[in-house]
Amino acid sequence: MTEYVVEARGLSKSFGDFHALKSVDFSLPLGRIVGVIGANGAGKTTMLNAILGLSSYEGSLNVLGHDPSKERDALMKDVCFIADVATLPKWMRVVEVLDYVEAVHPRFDRAKALDFLSRTNVPLDKKIRALSKGMTVQLHLAVVMSIDAKLLVLDEPTLGLDIIFRKQFYQSLLEEYFDEDRTVVITTHQVEEIEHILTDVMFIKDGEIVLEAEMDELTQLFIEVMVDQGKEEEALALKPISRSSTFGKSTCVYKNIDRETLAKLGETRRLGLADIFVATMTGEGQ
Amino acid sequence: MNIFKALVKREILDGKSFYIRTPAILASLTVILLVLSTLIMGEIHLDTSNGGDVKNIGEGMALLQEKEPEEVSSAVTLMYWGITMLTWFAFPFVIFFSLLGTLYEERRDRSIMFWKSMPVADWQEVLVKLFVPLVVAPLIFLGVTIATQLVISVFMGIVVLFQGGPALEMFPLGLMFTSWFILLGHYLMGMLWALPLLAWLLLVSAFAGRMPFLWAILPPFVLVAIEGIFFKSYSIAKWIAIHMGGWREAIEDRIAHNIDGPRDLFNMIISAGLTESVAITFSSVNMWAGLLIAVGFVYAAIEMRKRAI
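Given the structure is predicted, the values throughout are model-derived calculations rather than measurements.

Residue and element names in this part refer to chain B. Here helix α8 (residues 173-207) crosses helix α9 (residues 212-231) at 135°, and the two axes come no closer than 9 Å. Between α8 and α9, the angle is such that the two are oblique. Here α8 runs over α9; the crossing is right-handed. Within the contact between the two elements, α8 uses L201, V204 and S205 and α9 uses P212, W215 and A216. The residue inventory of the contact of α8 with α9, partitioned by class, reads 5 nonpolar, 1 polar and no charged.

Pasting the structure below:
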């Protein structure tokens, strides 16, 4: 039986007349890395805030057996998150942050955090105010990755960091943190950088989940064909979800049509997650 | 318990300049001023009413000991309190601004998202943010005062010794000890009365989007003005004044006014007042009603904290 970390039924949230989440249903199983992808204002953060017990909601939501809106403090023993902006208290010293987390969090492993930090240039005796943006994020990630949680939620975790650090971070997330007993939920705009580590994706648009699938499944679902000359009509007859032409050749994207059929039309290739997202969001992919 | 300690420690670290630097600087200033003035003045000439000519503190002490020995320790203790009062002038400001800033700043600098990612309940956070300014801060101030008074007494003891006065009289430790505890008692009574006002500051700090200072001051002011203009009465202003310390008026009627010398003064200010204070405080419906309002404000602050992101 699959164990679920999050189960939502009819989850809704409105701000006045604006419906940020429109009665969505979803389940996140244990042992996955789920990418939540959507445009700004699509409802990603609203959904994550509900899961984390940071805001009220309508509908039913169960996170690791807790009702997050009522039991945020109990939930935070098993759930960790980094919000989308720098949130570490600027007046604290690095070592004071470690002291604090060690005192309040039963699942925090200080030695592990120090090990992560020893691989960075973060100075332990400095105030967070004095750290660079990159160092602040490194510290926060070191803290979070040293907490033995079942669910880790990262909202744009690498925003403002350089490419080398971003690569390193996803690498260590995969190698040193993730295992079958944990679920990681990530939102980011840099889809290309996470697509190789994701096991599942969820596309959100205007407060609704427009697609929820496993990565393997998804990349087989969408196929792009460089249509050979003379086969355009045949290609159109199969109803591509999007069409474009490059170097005088038509390129068509198909959803849910088997590869062998498409291979007769021309050269096929898998679509990247970013392209799948765009194809889905432009409406034709649904 | 571990969480409570960690939260208290965090609050003190956050308010280090309020809770530690402020009293430490003022106390150091007090000691420096005292030492300098003693060194510069060196000799003072006072014509006492008894006709004797007193040249310095040592001689003054000797004279006092000779004429009215039973007044000496009270006089010395009162003098130490008088000197260390400078530190306490900052105290109301420390309480006011810590309460007003505590739940506001964490929202402004977004650190609330970090605090909320820890397994600490909102009620624990809010209660600690009330507890630290109200209980820990005065204890730190008192600690600094005690240290300062001890330093001053050693200094005065040496001065008086060199001036040939009764140096041992500069250490009325028993009375000083009593005064520390009794003043703490006075503080606790005052705090119980002021709790609705203090809890209001905490609530403002929890909801104000910006300008918490105006939010703290303006609504009560407007209420007082409306009552004054339309009803020609001032019950709200009076209620606030009573809770800010006006309740002590009732004590003054009860205690003796024929003060004759430092000992009576000491008794009036420090010891006799306390039993009366406690009696008046706990028998006052007004005080209990205020506490109820305070509980409401704190509850509202906790609910605001739960929703804040």
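With that out of the way, let us pick up helix α5 (residues 91-108) of chain B. Residues and elements named next belong to chain B. End to end, α5 covers 25 Å across 18 residues, agreeing with the expected 26 Å (1.5 Å per residue, within 8%). At T102, α5 shows its maximal kink, close to 40°. V94, I95, S98, L99, L100, G101, T102, L103, Y104 and E106 are the residues of α5 that are buried.

Once that is clear, we can look at the confidence of the model for chain B. Residue and element names in this part refer to chain B. Taken residue by residue, chain B gives an average pLDDT of 88. The fraction at 70 or more is 92%. Confidence, read as mean pLDDT per element, is least for strand β1 (residues 46-47) in chain B (52) and greatest for helix α13 (residues 285-307) (95). Predicted complex metrics record ipTM = 0.88 and pTM = 0.88.

On the side of chain A, 25 residues touch chain B, which itself brings 20 residues to the contact. Looking at the side of chain B that touches chain A, the elements that each hand over two or more residues are α1 (2-14) and α6 (111-116) of chain B. Residue contributions to the side of chain B that touches chain A peak at 7 residues, all from α1 of chain B. Each residue belonging to the side of chain B that touches chain A can be placed in one class, and the counts come to 10 nonpolar, 3 polar and 7 charged.

Reading the values: rules and limits
- Residues numbered from 1 in each chain as written.
- Chains lettered and ligands numbered in written order.
- Predicted model: local features only at pLDDT ≥ 70, side-chain atom pairs only at ≥ 80, totals over all residues.
- Axes fitted to C-alpha atoms, helices over the stretch in contact; angles between N-to-C directions.
- Helix = DSSP H or I, 4+ residues; strand = E, 2+ residues; numbered from the N terminus.
- Parallel < 35°, antiparallel > 145°, perpendicular 65-115°, else oblique.
- Left-handed = near helix turned anticlockwise from the far one by under 90°.
- Contact = placed C-beta atoms within 7 Å.
- Nonpolar A, V, L, I, M, F, W, Y, C, P; charged D, E, K, R; others polar.
- Expected span 1.5 Å × (residues − 1).
- Bend = angle between axes of the 7 residues up to and from the residue.
- Buried ≥ 20, exposed ≤ 12 C-beta atoms within 10 Å, placed from the backbone.
- pLDDT = per-residue confidence, 0-100.

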